[in-house]
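Chain residues, written in single-letter form:
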Amino acid sequence: MTELIAVAVITILAVISPGADFAMVVRNSCLYGRTTGLLGAAGVAAGVLVHVTYTMLGVGLIIAANTALFTAIKLLGAAYLVYIGLRTFFARADLTVDLDASGAGLTRLGALRSGFLTNVLNPKTTLFVVSTFTQVVGTETPLWQQGLYGLFMSLAHLGWFALVALFFSHARLRTAMLRAQKALNRAIGGTLVGLGVALGVTSAP
């Protein structure tokens, strides 16, 4: 029971903490609408399952023990954050928003891929999943139970970011934000770039 509570609490805290996934879902929901935001949330949840899968297969233990490999993953994640941050910062300020479609600027597949890559390459998610499975989940915990933990982590991300997408694609809030779209792009883009640079600096050997 103690292990279950610990996993649940850590997961909830990790999900609601601000990061690249939150910025991505907020931006896509505001600019392209509800459907795009929800697809991004689904991509984020799918990305979590990637981390859970390799961790359960034992790769997470290798990463935790191999400093060079872990550093490479963090630097790759930092580079991706900088990339999407710059794209957001310099994005056009006259995009069309449609709550019932995926938006002219981002296809449904693109929205799903954006969420997926954001979390697959998100060092915060890597640290969260690997740390939880290597430090909280006991070695005697059955595989089926570990699998349920991983499914819970993924569904928690899906639920939270679906709510974020629904909230930020709401007509009134969306309209208000689109009036300041250029500033919003620069704020979110700058935050992403800052996160990426900070991560890159701390990860560099």
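Residues numbered from 1 in each chain as written. Predicted model: local features only at pLDDT ≥ 70, side-chain atom pairs only at ≥ 80, totals over all residues. Heavy atoms only, no water.

Participant: How should a nonpolar patch on the surface be read in this particular structure?
Facilitator: A cluster of nonpolar side chains, namely Met-1, Leu-4, Ile-5, Val-9, Ile-12, Leu-13, Ile-16 and Phe-152, defines an oily patch on the protein surface of about 780 Å² accessible area. Sorting elements by how many residues they give to the nonpolar patch places helix 1 (residues 2–16) first, with six residues. Take Met-1: it is sitting in the segment before helix 1. Overall, the relative accessible area of 73% leaves Met-1 in the exposed class. (Patch = residues over 30% accessible without salt bridge, like charges linked within 9 Å, V, L, I, M, F, W, Y side chains within 5 Å. Areas by Shrake-Rupley, 256 points an atom, 1.4 Å probe, with all protein chains shown as cover. Salt bridge = Lys/Arg side-chain N within 4 Å of Asp/Glu carboxyl O. Helix = DSSP H or I, 4+ residues; strand = E, 2+ residues; numbered from the N terminus. Buried < 20%, exposed > 50% of the residue type's maximum accessible area, 1.4 Å probe, protein only.)

Participant: Whenever I open this one, the packing of helix 2 (residues 20–32) against helix 6 (residues 108–120) confuses me. Can you help?
Facilitator: When two helices pack together, their arrangement is given by the angle between the helix axes and by the axis-to-axis distance. Two elements in contact, helix 2 and helix 6, have axes whose closest approach is 9 Å; the angle formed by their N-to-C orientations is 165 degrees. By the angle between their directions, the pair helix 2 and helix 6 is classed as roughly antiparallel. The chirality of how helix 2 crosses helix 6 is right-handed. Contact residues: helix 2 offers Ala-20, Asp-21, Met-24 and Asn-28, while helix 6 offers Ser-114, Gly-115, Thr-118 and Asn-119. When the residues that make up the contact of helix 2 with helix 6 are grouped by side-chain class, the tally is two nonpolar, five polar and one charged. (Axes fitted to C-alpha atoms, helices over the stretch in contact; angles between N-to-C directions. Parallel < 35°, antiparallel > 145°, perpendicular 65-115°, else oblique. Left-handed = near helix turned anticlockwise from the far one by under 90°. Contact = heavy atoms within 4.5 Å. Nonpolar A, V, L, I, M, F, W, Y, C, P; charged D, E, K, R; others polar.)

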